[in-house]
Amino acid sequence: MRSGELAANAIVKLIRGEDRASTLREFARAFAKLYRGRLWINRLARAAVLAPRVGSFFVHAARLNPAILKFLTAKIVHSL
């Protein structure tokens, strides 16, 4: 929702005729700040879904060390 708000604000600025390059830079900075430190968990989840071996590895690792699953879950929940 927040990234949609950032995009909407950028679109409004562009419609008003504000400088395109600076508006896009501002959007990119705000987007990066919003998701800093959180995109890696999305990449990891995507890899687990798209590559069954990666997903299986994490399931196996979580069985051996449940703290891994707890850590990943905390990262997801606290990033919302």
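Residues numbered from 1 in each chain as written. Predicted model: local features only at pLDDT ≥ 70, side-chain atom pairs only at ≥ 80, totals over all residues. Heavy atoms only, no water.

Draft legend 1. Region of interest: the overall build of the chain. Secondary structure summary: the chain contains five helices and zero strands in total. Helices and strands in the chain line up, N terminus first, as α-α-α-α-α. Taking 12 Å as the expected radius of gyration for a compact globule of 80 residues, we find that the chain reaches 18 Å, considerably beyond that expectation. Expressed as lengths along the three principal axes of its C-alpha atoms, the size of the chain is roughly 55 × 25 × 15 Å. The buried share of the chain, reckoned over its 80 residues, is 11%. As displayed, the chain offers around 6600 Å² of accessible surface, 64% of which is attributable to carbon and sulfur atoms. Charge-centre separation for the chain: the mean point of 15 positive side chains lies 18 Å from the mean point of 4 negative side chains. (Helix = DSSP H or I, 4+ residues; strand = E, 2+ residues; numbered from the N terminus. Rg over C-alpha atoms; globule rule 2.2 N^0.38 Å. Buried < 20%, exposed > 50% of the residue type's maximum accessible area, 1.4 Å probe, protein only. Areas by Shrake-Rupley, 256 points an atom, 1.4 Å probe, with all protein chains shown as cover. Lys, Arg positive; Asp, Glu negative; His and termini not counted. Charge placed at Lys NZ, Arg CZ, Asp CG, Glu CD.)

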